[in-house]
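Commentary on secondary and tertiary structure
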Amino acid sequence: RKGSIKMENYVLFELCRKESKGGGLMTGAAKNLNPVLIMEGDDEVEILVIEVIIKKLKIRIINGYGPQEDENIERKLKFYSELDQQIVQAQQDGCGVILELDANAKINVNSNDPNEISPNGKLFLDLVERNQLYIANSMDICEGTITRIREKSDGHVEKAVLDYLVVDGIMLNYLNEFIIDEKRTHVLTKYASKKGGKNKKESDHNTLVSKFQIK
């Protein structure tokens with residue numbers, strides 16, 4: 001299509017679920033950033049880590065999907081333990097860290113956040129504190145708050161903050177714009193063909209758009 005991205009200029013990394021129908025993680029990176037796969041998890045620990053290089057700056061991009069609030073504590077601790085290890089390893093290797101994830105955790109990022117801190121949120125905040133990270137959703141540069149809007153069967157509209165951009169001290173220096181697309185200008189959409197026509201389904205999560213100015 002006109003204006004579409006030429007995929008031959010990009011590399012896609014996938015972590016597909018094996019034990020459930022569909023779903024998983026994907027990270028794309030421009031080939032000129034020399035992206036390489038560092039770590040891929042599994043159905044139990046949904047984490048995907050790649051490394052890119054901009055001149056002398058090495059960056060680990062960590063993509064994750066956190067356990068639900070009703071998951072057993074063993075699975076939650078396994079996820080956060082692996083996430084912690086990946087962050088520590090990146091810092092030991094002298095890399096900047098960009099973490100983007102659907103954490104399935106509520107942390108009450110600001111006065112517009114309708115949620116209280118949840119048990120998953122406490123685990124998430126402990127990880128952030130322990131590794132001296134910064135949550136972009138809570139920063140002044142953040143535009144927007146709500147990352148998911150879901151209409152329940154009873155007609156009630158549920159608003160939540162579950163998706164986050166987190167950076168370390170290195171990448172904080174380069175982060176200059178962060179937008180939560182509450183206007184839904186850029187909605188992740190699934191298109192599927194069905195008998196008698198096509199089916200279009202929009203995600204109930206709002207897209208997170210961040211810009212880093214790296215000279």
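This text follows the structure it describes.
Reference entry: report on the structure contained in this document. Bear in mind the structure is a predicted one, so any value in this text is a computation, not a measurement.

A few points about the environment of E71
Structurally, the position occupied by E71 is in the loop between strand 5 (57-65) and helix 1 (73-92). Sequence spacing of E71 and N120 is 49 residues, and the spatial spacing of their C-alpha atoms is 9.8 Å. Of the polar contacts made by the side chain of E71, one reaches the side chain of R75; its length is 2.8 Å.

Observations concerning the sheet that holds strand 15 (residues 208-212)
Pairing in this open sheet of three strands is mixed, and the strands run 8-12-15 from one edge to the other. Where the open sheet ends on each side, the last strands, each with one partner, are strand 8 (142-143) and strand 15.

Comments concerning the packing of helix 1 against helix 2 (residues 119-130)
The packing of two helices is summarised by the inter-axis angle and the distance between the axes. The N-to-C vectors of helix 1 and helix 2 enclose an angle of 20°; their axes lie 11 Å apart at closest approach. Relative to helix 2, the element helix 1 lies roughly parallel. Between helix 1 and helix 2 lies a crossing whose hand is right-handed. Where helix 1 approaches helix 2, its residues K76, L77, Y80, L83, D84 and I87 are matched on the opposing element by N120, L123, F124, L127 and R130. The class makeup of the residues in the contact of helix 1 with helix 2 is seven nonpolar, one polar and three charged.

Description of the packing of aromatic side chains
Within the structure shown, the criterion is met by two aromatic pairs. Measuring from ring centre to ring centre gives 5.1 Å for F79 and Y80, while their planes differ by 90°; the resulting arrangement is edge-to-face. An identical accessibility class is assigned to F79 and Y80; each is buried. Each ring, one from F124 and one from Y164, has its centre 4.9 Å from the other, and the planes form 40°; the classification is tilted. Of the two residues, F124 sits in helix 2 while Y164 sits in strand 11 (residues 163-167), which places them 40 residues apart along the sequence. Taking relative accessible area as the criterion, F124 reaches 0% and is therefore assigned buried.

Points about the nonpolar core
Judged by nonpolar contacts, the single largest core of 28 residues is most densely connected at Y80, L83, F124 and Y164. Counting residues per element, the ones that place at least two in this core are strand 4 (46-54), helix 1, strand 6 (96-102), helix 2 and strand 11. Once residues within four sequence positions are removed from consideration, Y164 is found in contact with L99, E100, L101, A103, A105, K106, I107, V109, F124, I135, N137 and L208. Counting 19 residues, the second largest nonpolar core, distinct from the first, contains L25, V167, I180 and L208.

Let's talk about the sheet that holds strand 6
Taking strand neighbours across the sheet as the criterion, the six strands line up as 3-4-5-6-11-7 in an open arrangement whose pairing is mixed. Looking at which strands have only one partner, the edges of the open sheet turn out to be strand 3 (36-40) and strand 7 (134-135). Summarising the sheet, strand 6 and strand 11 pair through five bridges and their orientation is antiparallel. Bridge pairing in strand 11 places L99 opposite V166.

How each quantity is defined
- Residues numbered from 1 in each chain as written.
- Predicted model: local features only at pLDDT ≥ 70, side-chain atom pairs only at ≥ 80, totals over all residues.
- Heavy atoms only, no water.
- Helix = DSSP H or I, 4+ residues; strand = E, 2+ residues; numbered from the N terminus.
- Polar contact = N/O pair within 3.5 Å; in protein donor to acceptor, adjacent residues only side chain to side chain.
- Pairing = 2+ DSSP bridges.
- Axes fitted to C-alpha atoms, helices over the stretch in contact; angles between N-to-C directions.
- Parallel < 35°, antiparallel > 145°, perpendicular 65-115°, else oblique.
- Left-handed = near helix turned anticlockwise from the far one by under 90°.
- Contact = heavy atoms within 4.5 Å.
- Nonpolar A, V, L, I, M, F, W, Y, C, P; charged D, E, K, R; others polar.
- Phe/Tyr/Trp six-rings, centres within 6.5 Å; stacked < 30°, edge-to-face > 60°.
- Buried < 20%, exposed > 50% of the residue type's maximum accessible area, 1.4 Å probe, protein only.
- Core = buried A, V, L, I, M, F, W, Y, C linked by side-chain atoms within 4.5 Å.

Scope: geometric values only; no functional claims are made or implied.
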